[in-house]
Structure formats: structure tokens, C-alpha cells
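# Fold and geometry: a report
Spelled out from the first residue to the last, the chains are:
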Amino acid sequence: MNKCDQCIVRQLTSLQALNKEEVIKLANSKTTYKIKKGDAIFEEGEVTNGVFCVKDGIGKLSKLSANGKDQIVKLVKEGELLGQRSMISNEPANLTAKAVADMEVCFIPKSEIIGFFNTNNQFSMKLMQSVCEDLKESENDKIALVQKTVKQRLAETLLHLHEAFGENPDKTLKVQLTREELAGMIGTATESCIRLLSDFNKLNLVELVGKKIILKDVKALKKIADQL
């Protein structure tokens with residue numbers, strides 16, 4: 001069964017609704033890829049014809065802005081599915097998926113997913129719920145962009161990186177983003193992001209170790225993120 005039955009992706013996504021026979025079909029149809037840091041899983045505008053399961057590593061979903069900058073929309077980790085909205089809507093991918101750290105992903109063809117969709121009501125319901133959750137997250141991000149200050153958004157993003165992806169043995173954030181990428185995530189200019197990080201460093205909220213970041217005062221960062 002190629003370990004699909006015990007895979008973390010199946011445990012955490014709509015794939016958990018598949019029965020034993022369907023899991024065997026899944027294992028026989030999938031293709032596994034190793035994606036090096038910086039390489040693309042799929043590009044914006046590409047027809048993916050299936051979904052990608054993130055088995056290991058960290059990736060980013062990004063959008064090319066009008067000024068040519070690559071803006072991160074979401075970070076993904078093991079246990080997540082990529083490309084499900086495009087597959088259901090039958091449209092090309094509207095985002096680019098790239099590896100932030102080395103990744104291992106499994107590709108499941110659209111024909112198999114649609115087959116499960118048509119025969120397994122629980123699977124189809126969970127898949128639609130997952131797509132709705134992604135849309136809700138996107139809406140919440142847009143609201144935060146309007147209602148919160150850049151300072152609040154930076155604190156909130158640093159906390160999210162810490163809580164969702166963890167830290168290295170040296171206490172630095174596991175996800176290492178460039179200052180430009182971090183600025184794109186919070187919707188500000190790179191210079192403003194650098195200045196705010198410097199302010200956080202002076203206040204002992206974070207420690208800057210080269211390009212890496214250590215969160216020194218999580219409680220204070222939460223207060224900033226939750227300010228009304």
C-alpha cells in the first residue's frame with residue numbers, strides 16, 4: 001500500500017474519508033517527487049490535472065504581482081493538499097507552489113480524485129469543506145490587511161510562523177524567509193518591514209541572527225497582534 005494508509009496527509013485531510021479499497025487505488029495511482037529548495041511544484045497558469053500531497057518539507061503558494069514581485073499568499077507543510085480548488089473548478093492554477101525547504105510530495109491524478117468524489121459522499125463533503133476553509137482563510141487575510149496596522153500584521157505573521165512551523169534547535173524560526181518575502185506576506189514595502197524588525201529587536205521582542213529570527217517575547221508579540 002506504499003504506506004498511504006499511515007501517511008500524515010491522509011490523516012489530516014479529506015483523504016481520511018477513503019476506505020481500504022480506495023486507499024489501495026490511491027497508492028497505485030500516485031507518483032512521488034522530491035522537490036529541491038527553490039524549485040517549483042507547479043506554476044501559476046499551469047493545468048495541474050490532479051492534487052499534490054505534501055508528505056515532507058515546507059512550501060509556499062505565491063502570486064506574481066503587477067510590479068513583478070513574488071508575493072507569498074500562504075505557507076504549507078506536511079499533511080496538506082495543493083491544487084484541489086483548481087482541480088474542482090477545472091481552471092489553471094492561480095498561484096505558484098515552490099519549495100521553501102526540500103520537499104517530498106505525492107501527485108494523485110484528477111481522474112482518481114474525481115472517481116472518489118463521485119462514489120464517496122463523505123470524501124466529497126470533506127474535500128469541499130477543505131476548499132471552503134481555504135477561501136475563509138483568504139478572506140480573513142484580506143480583512144486583516146485592511147483592519148490591522150503593519151506592526152500588528154508583522155507580529156501576527158511571526159507568531160504564525162512560530163506556531164505552525166516551529167523552531168530550529170538554535171531557537172530560530174524554522175521557516176527562513178527573505179525580508180522581501182516577509183514584507184509581501186504582511187503587505188508592506190521591504191524597507192518598512194526591515195525597519196519594524198529592527199524596532200522589535202530594540203524592544204527585545206525578537207533577536208535577529210543574520211537573516212534568521214528568534215522570538216524572544218511571544219506574550220508581548222501576542223499583545224501587539226491583538227491590539228484594538
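Structural data are supplied above this passage.
So, a few notes on the structure that sits alongside this text.

### A word on the overall build of the protein chain
A tally of helices and strands in the protein chain yields 9 helices and 10 strands. Computed over the C-alpha atoms, the radius of gyration of the protein chain is 19 Å, within 12% of the 17 Å expected from 2.2 N^0.38 for a compact globule of 228 residues. Taken along the three principal axes of its C-alpha coordinates, the protein chain extends 60 × 35 × 30 Å. Within the protein chain, the fraction of its 228 residues that count as buried is 43%. Look at the contacts in the protein chain between residues 6 or more apart in sequence, and 68% of them connect residues 24 or more apart. Of the roughly 12,600 Å² that the protein chain leaves accessible, carbon and sulfur atoms contribute 50%.

### A short note on the pairing of strand β8 (residues 103-109)
Within β8, 6 of the 7 residues are buried, which leaves it mostly tucked inside the rest of the structure. Both strand β3 (residues 50-56) and β8 contribute to a ladder of 6 bridges, which runs antiparallel. Bridging from a neighbouring strand, Gly50 pairs with Pro109 of β8.

### Description of the pattern of salt bridges
If you walk through the whole model with that rule in mind, you get 9 salt bridges. Where Lys74 meets Glu80, a salt bridge forms, and the shortest distance between an N and an O atom there is 3.4 Å. By the burial criterion, Lys74 is buried, and Glu80 matches it. Across the salt bridge formed by Lys148 and Glu156, the nearest N and O atoms sit 2.7 Å from each other. Overlapping salt bridges, with partners in common, bring together Lys34, Lys55 and Glu104 in one network.

### Things to note about the packing of helix α2 (residues 20-29) against helix α4 (residues 110-119)
Across the interface, α2 lies against α4 with an axial gap of 11 Å and an inter-helix angle of 165°. By the angle class used here, α2 and α4 are roughly antiparallel. Handedness of the α2/α4 crossing: right-handed. Counting all contacts with α2, which are made through Glu22, Lys25, Leu26 and Ser29, the residues of α4 involved are Glu112, Phe116 and Thr119.

### What about the nonpolar core?
One finds Leu158, Leu182 and Phe200 to be the most contacted residues of the largest nonpolar core, which totals 28 residues. At the level of secondary structure, the elements contributing two or more residues to this core comprise β5 (70-77), α6 (150-165), α7 (179-186), α8 (190-202), β10 (212-215) and α9 (218-225). The biggest single contributor to this core is α6, with 6 residues. Ignoring anything within four residues of it in the chain, the contact list for Leu158 reads Leu173, Leu182, Leu197, Phe200, Val206, Ile213 and Leu215.

Each value, and the rule that gives it
- Residues numbered from 1 in each chain as written.
- Predicted model: local features only at pLDDT ≥ 70, side-chain atom pairs only at ≥ 80, totals over all residues.
- Heavy atoms only, no water.
- Helix = DSSP H or I, 4+ residues; strand = E, 2+ residues; numbered from the N terminus.
- Rg over C-alpha atoms; globule rule 2.2 N^0.38 Å.
- Buried < 20%, exposed > 50% of the residue type's maximum accessible area, 1.4 Å probe, protein only.
- Contact = heavy atoms within 4.5 Å.
- Areas by Shrake-Rupley, 256 points an atom, 1.4 Å probe, with all protein chains shown as cover.
- Pairing = 2+ DSSP bridges.
- Salt bridge = Lys/Arg side-chain N within 4 Å of Asp/Glu carboxyl O.
- Axes fitted to C-alpha atoms, helices over the stretch in contact; angles between N-to-C directions.
- Parallel < 35°, antiparallel > 145°, perpendicular 65-115°, else oblique.
- Left-handed = near helix turned anticlockwise from the far one by under 90°.
- Core = buried A, V, L, I, M, F, W, Y, C linked by side-chain atoms within 4.5 Å.

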